[in-house]
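Reading the structure
So the chains spell out like this:
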Amino acid sequence: MKTYLLLIGTLLSLTGCELDNFEPPKSTFEGRLVYKGEPLLMQSSNVAFTNNSDFPVFLELWQKAYNNRSSIRIPIKQDGTFSSLLFDGEYKLIVPNGQGPFLWKKTAANTPDSLNVTVQGSQKLDIEVMPYYMLRNPKIAISGRKISGSVSLEKVITDATNGKAVERVSLYVNKTQFVDAGNSLNKADLAGTDIKDMANVSLITGDMPALVPAQAYVYARIGLKILGVEDMIYTPVQKINL
């Protein structure tokens, strides 16, 4: 009996050693979502406790060596970049339906098309997509306790089948660099139906509330909500001294 128990113990010990010696992924796969080389800015995907954005835009990678049994989700950060540690190998990259303020190419069967990715050591890859809109010439300033902003809207997809209207333009202000529809302490909204000139959209917030604890600056950026599209596109985050 003692011999039997010793054998079991030895086997468990060997299994534990094998698990302890399992090599984690070491290759960094990183890049940006871009339109003509320009990154698309999204809501924040950071996991800090001050961040309330809960459904970031993400990519999916399927590893061919495992017959594409499960996907690896890669969230897009608010500056349009992504990064993930992977094992070397062959992957299929897709953008799932409904992700992002942009169109991803489709197959003849109207399913998301895929991009083959070979990971052999760390590498960078920019992924070109087609946004519904781009935000141009953003300007944000402070006057008294109010934050004002202006932006030009460039409609990129204009065909009758895929083109979409503007639901609203919003100016968001927050104490941290996580600033978007889910993270703001002050904001201003302008409905798409109230926009008179797409080349000159202006917004202004109400007075800034008292900051607790006090700080002498805030962060702000402008976002565009597209009708029928969940994810918004944003301008760069700008620091505003109060």
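Scroll up to find the structure this text is about.
What counts, and where the lines are drawn
Numbering of residues starts from 1 in every chain and runs along the sequence as written. Since the coordinates come from a predicted model, pLDDT governs what is reported: local features require at least 70, and pairs of side-chain atoms require 80 or more to be given and counted, while whole-chain, interface and lining totals use all residues. With hydrogens and water stripped out, all remaining heavy atoms of the structure feed into the side-chain values. Relative accessibility under 20% of the residue-type maximum defines a buried residue, over 50% an exposed one, and the middle range a partly exposed one, all with a 1.4 Å probe and only protein chains included. Strands are runs of DSSP state E lasting at least 2 residues, helices are runs of H or I lasting at least 4, and numbering of each runs from the N terminus. Strand pairing requires that DSSP identify at least two bridges connecting the strands. To form a nonpolar core, buried Ala, Val, Leu, Ile, Met, Phe, Trp, Tyr and Cys residues must be joined to one another through side-chain atoms within 4.5 Å. Any two residues having at least one pair of non-hydrogen atoms within 4.5 Å are treated as being in contact. Note on geometry: axes are lines fitted to C-alpha atoms, helical ones only across the stretch in contact, with angles between N-to-C directions running from 0 to 180 degrees. With a 1 Å grid spanning the protein atoms alone, the term cavity applies to any set of points in which a 1.4 Å probe fits but cannot get out, the term pocket to an open set with protein on both sides within 12 Å along at least five of seven lines, and the term lining residue to any residue with an atom within 4 Å of a point. Grid points are joined across faces, edges and corners, and a volume is the space filled by probe spheres set on the points. Under the scheme applied, nonpolar residues are Ala, Val, Leu, Ile, Met, Phe, Trp, Tyr, Cys and Pro; charged residues are Asp, Glu, Lys and Arg; polar residues are all the others, including Gly. Throughout the structure description, domain borders are defined by an automatic or database domain assignment.

Take the pairing of strand E3 (residues 58-63) next. Burial analysis of E3 places five of its six residues in the buried class, which makes it a mostly covered element. One ladder, built from five bridges, connects E3 with strand E4 (residues 71-75); its direction is antiparallel. Paired with Trp 62 across the strands is Ser 71, a residue of E4. Judged from the four bridges that link them, E3 and strand E6 (residues 89-94) form a sheet pairing that is antiparallel. Note on E6: the bridge partner recorded for Glu 60 is Ile 94.

Now for unusual backbone geometry. Here the amide bond leading from Val 212 into Pro 213 is cis, since omega sits at -5°, within 30 degrees of zero. Looking at where Pro 213 falls in the secondary structure, it is placed in the loop between strand E15 (201-204) and strand E16 (217-226). One non-glycine residue, Asn 110, adopts positive backbone phi at about 65°. With respect to the helices and strands, the residue Asn 110 is situated in the loop between strand E7 (102-103) and strand E8 (115-119). Judged by relative accessible area, which is 53%, Asn 110 ranks as exposed. The residue Asn 137 is not glycine, and still its phi comes out positive at about 50°. As for its position among the elements, Asn 137 is in strand E11 (residues 133-143). Relative accessible area serves as the criterion here: at 55%, Asn 137 is assigned to the exposed category.

With that settled, consider the nonpolar core. Formed by 49 residues in total, the largest nonpolar core has its most connected members in Leu 59, Leu 153 and Val 169. If one sorts the elements of this core by residue count, E16 sits on top with five residues. In this view, Val 169 contacts Val 151, Leu 153, Ala 188, Asp 189, Leu 190, Ile 195, Val 201, Leu 203, Ile 222, Gly 223 and Leu 224; residues no more than four positions away in its chain are not counted.

Attention now moves to the environment of Ser 202. Mapped onto the elements of the fold, Ser 202 is located in strand E15. For Ser 202, a relative accessible area of 47% puts it in the partly exposed group. For the pair Ser 202 and Ser 170, spaced 32 residues apart in the sequence, the C-alpha separation amounts to 9.6 Å. Discounting chain neighbours no more than four positions away, the residues touching Ser 202 are Gly 149, Ser 150 and Leu 190.

What follows concerns the sheet that holds E4. Spatially, four strands are ordered E4-E3-E6-E8 in an open sheet, and the strand pairing comes out antiparallel. The open sheet is flanked by E4 and E8, the only strands paired with a single partner. Pairs of neighbouring strands in the sheet enclose a mean axial angle of 30°, with direction left out of account.

Here the largest pocket is characterised by a volume of approximately 210 Å³. Forming the boundary of the largest pocket are 15 residues, of which Asn 97, Gly 98, Gln 99, Phe 102 and Tyr 132 lie nearest the centre. Residues belonging to the lining of the largest pocket are distributed by class as follows: seven nonpolar, five polar and three charged. Per-domain counts for the lining of the largest pocket show at least three residues from each of domain 1 (27-130) and domain 2 (132-241).

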